[in-house]
Structures are given as C-alpha cells and as structure tokens.
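# Coordinate analysis (summary)
The residues making up each chain are set out below.
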Amino acid sequence: MSFWSDASPITKGLIVVGVLGILYFGVAYFAKLPPFSNTYEQVQQRGIGAG
C-alpha cells in the first residue's frame, strides 16, 4: 500500500493545491506576475509619524 492510495480525498486535494500554488508562485516570481508585479518599492513605516 502506498501513501497516495491510503490518503483521504481532503489530503490529496490539499497536496495538489499546494503543489500547484508553489508552481504558480515560482513562475510568477520570474515572469513578474501578481503578486510579484510591483514596479515600485514598498516602504513600511511603523510608529507615530513626524506630523
């Protein structure tokens, strides 16, 4: 018996969605697709502003 034949449908679905997500983010990073399509630099500011 193998893991795949013993796994529940939910587990199989999560594995497939996870692998597809990783593949998409890998391709999107190099192809500059969302969420990596920002052409401007983001600046994060914390605390109280100077006024």
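Description of the structure in this document.

## Here we look at the overall build of the protein chain
The number of helices and strands found in the protein chain is two helices and zero strands. Burial statistics for the protein chain: of 51 residues in total, 4% are counted as buried. Accessible area of the protein chain: about 4,900 Å², with a carbon and sulfur share of 67%.

## Concerning the environment of A28
Looking at where A28 falls in the secondary structure, it is placed in helix α2 (residues 9-31). Note on A28: relative accessible area 0%, which makes it buried. Aside from chain neighbours lying at most four places away, what touches A28 is L33, P34 and F36.

## Let's talk about the packing of aromatic side chains
Two aromatic rings are characterised by how far apart their centres lie and by the angle between their planes. Scanning all chains against the criterion turns up two aromatic pairs. Ring centres of Y24 and F25 lie 5.7 Å apart, and the angle between their planes is 65°; on these two criteria the pair is classed as edge-to-face. Accessibility expressed as a relative area gives 38% for Y24, which makes it partly exposed. On the accessibility criterion, F25 (44% relative accessible area) is partly exposed. An angle of 85° between the planes, with centres 5.1 Å apart, marks the rings of Y29 and F30 as edge-to-face. Taking relative accessible area as the criterion, Y29 reaches 45% and is therefore assigned partly exposed.

## Here we look at α2
Compared with an ideal rise of 1.5 Å per residue, which puts 23 residues at 33 Å, α2 spans 32 Å between its outermost C-alpha atoms and is within 8% of the ideal. A positive phi of about 60° marks K32, the residue just after α2.

## Some details on unusual backbone geometry
Residues P34 and P35 are joined by a peptide bond in cis, for which omega reads 5°. Its place among the elements puts P35 in the segment after α2. Here the phi dihedral of K32 falls at roughly 60°; this positive angle occurs in a residue that is not glycine. K32 gets classed as exposed once you look at its relative accessible area, which sits at 55%.

Rules used in this analysis
- Residues numbered from 1 in each chain as written.
- Predicted model: local features only at pLDDT ≥ 70, side-chain atom pairs only at ≥ 80, totals over all residues.
- Heavy atoms only, no water.
- Helix = DSSP H or I, 4+ residues; strand = E, 2+ residues; numbered from the N terminus.
- Buried < 20%, exposed > 50% of the residue type's maximum accessible area, 1.4 Å probe, protein only.
- Areas by Shrake-Rupley, 256 points an atom, 1.4 Å probe, with all protein chains shown as cover.
- Contact = heavy atoms within 4.5 Å.
- Phe/Tyr/Trp six-rings, centres within 6.5 Å; stacked < 30°, edge-to-face > 60°.
- Expected span 1.5 Å × (residues − 1).

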